[in-house]
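What follows is the residue order along each chain.
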Amino acid sequence: MTQSRREFLNAGIALWAASLIPTTTIAAGPPELLETDPIALALGYKKDAATVDVAKYPKRAGAAGATQFCSNCALYTAGEAGLGACTAIPGKLVAGPGWCNAWIPAA
Ligand code: SF4
């Protein structure tokens, strides 16, 4: 094999290998819980607690209910970008300003 042919093949291999490297960043961490997720529907989860149907979920009604958010729930661990982990909903992130019917006050 001549030197130029070897260089040509090496360059081709390098280009092929470079094409295998992803050019987009893969998001790290669990996804955000969608309100349409079955567990969210079961728990009455809303990413904006102000949109909770208090007739259906009277636990969040009134002045005391209006102070309830994921961010002050005992099951919440704050993360990044206003999202956090919830021990009631493993594998998904919930919104700090959100709420669900499993809310319990942080100690
Ligand atoms: Fe938010 Fe608490 Fe419900 Fe989890 S259990 S979704 S942290 S209110």
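My aim in this report is to walk through the structure given alongside it, one point at a time. Throughout this description, residue numbers start from 1 for each chain and increase along the sequence as written. In view of the model being predicted, local features appear only for residues whose pLDDT reaches at least 70, and side-chain atom pairs are presented and counted only at 80 or more, with totals across whole chains, interfaces and linings using the full set of residues. Side-chain measures were taken over the full set of non-hydrogen atoms in the model, leaving aside hydrogen atoms and water.

## Focus: the site of the ligand
Then comes step 1: We call a residue near a molecule or strand as soon as one heavy atom of that residue lies within 4 Å of the molecule or strand. The environment of the ligand is made up of Tyr 45, Cys 70, Cys 73, Leu 75, Tyr 76, Cys 86, Ile 89, Cys 100, Ala 102 and Trp 103.
Then comes step 2: When residues are grouped by polarity, Ala, Val, Leu, Ile, Met, Phe, Trp, Tyr, Cys and Pro land in nonpolar, Asp, Glu, Lys and Arg in charged, and all others, Gly among them, in polar. For the shell around the ligand, the class distribution of residues is 10 nonpolar, no polar and no charged.

## So, the sheet that holds strand E1 (residues 76-78)
Then comes step 1: Judged by pairing direction, the sheet is antiparallel, and its 3 strands sit side by side in the order E1-E2-E3 without closing on themselves. Each edge of the open sheet carries a strand with a single partner, namely E1 and strand E3 (93-95). Here the average twist between neighbouring strands, direction ignored, is 45°. DSSP-based pairing: two strands are paired if at least 2 bridges between them are found. Put simply, DSSP H or I for four residues or longer makes a helix, DSSP E for two residues or longer makes a strand, and each gets a number counted from the N terminus. To obtain an axis, a line is fitted to C-alpha atoms, over the contacting stretch when the element is a helix, and the angle between two such axes runs from 0 to 180 degrees between their N-to-C directions.

## A short note on the nonpolar core
Then comes step 1: Working definition of a nonpolar core: buried Ala, Val, Leu, Ile, Met, Phe, Trp, Tyr and Cys residues. They are joined through side-chain atoms within 4.5 Å. Here the term buried applies to any residue with accessible area under 20% of the maximum for its type, exposed to any over 50%, and partly exposed to those in between, with areas from a 1.4 Å probe on protein chains only. If you look at the biggest cluster of nonpolar residues, it comprises 18 residues, and the most contacted ones within it are Leu 33, Tyr 45, Cys 70, Tyr 76, Ile 89, Val 94 and Trp 99.
Then comes step 2: Of all the elements in the fold, those that place two or more residues in this core are strand E2 (83-86) and E3.
Then comes step 3: We call two residues in contact whenever any of their non-hydrogen atoms come within 4.5 Å of each other. Contacts of Tyr 45, omitting those with residues within four sequence positions, involve Leu 33, Glu 35, Ala 40, Cys 70, Val 94, Ala 95, Trp 99 and Cys 100.

## A word on the pattern of salt bridges
Then comes step 1: What makes a salt bridge here is a side-chain nitrogen of Lys or Arg within 4 Å of a carboxyl oxygen of Asp or Glu, nothing more. In total, this model carries 3 salt bridges according to the counting rule given.
Then comes step 2: Put simply, Glu 35 and Lys 46 hold a salt bridge, and the shortest N to O gap is 3.9 Å. Of this pair, Glu 35 sits in the loop between helix H1 (3-19) and helix H2 (38-43) while Lys 46 sits in the loop between H2 and helix H3 (62-65), and the two are 11 residues apart along the sequence.
Then comes step 3: The exposure class assigned to Glu 35 is partly exposed, which follows from its relative accessible area of 27%.
Then comes step 4: Lys 92 serves as the salt-bridge partner of Asp 37, at 2.7 Å between the closest nitrogen and oxygen. With a gap of 55 residues between them, Asp 37 in the loop between H1 and H2 and Lys 92 in the loop between E2 and E3 connect regions that are remote in the sequence.

## Overview of unusual backbone geometry
Then comes step 1: We note that Ala 81 has phi near 60°; this positive angle belongs to a residue other than glycine.
Then comes step 2: With respect to the helices, strands and loops of the structure, Ala 81 is situated in the loop between E1 and E2.
Then comes step 3: The exposure class of Ala 81 is exposed, given its relative accessible area of 77%.

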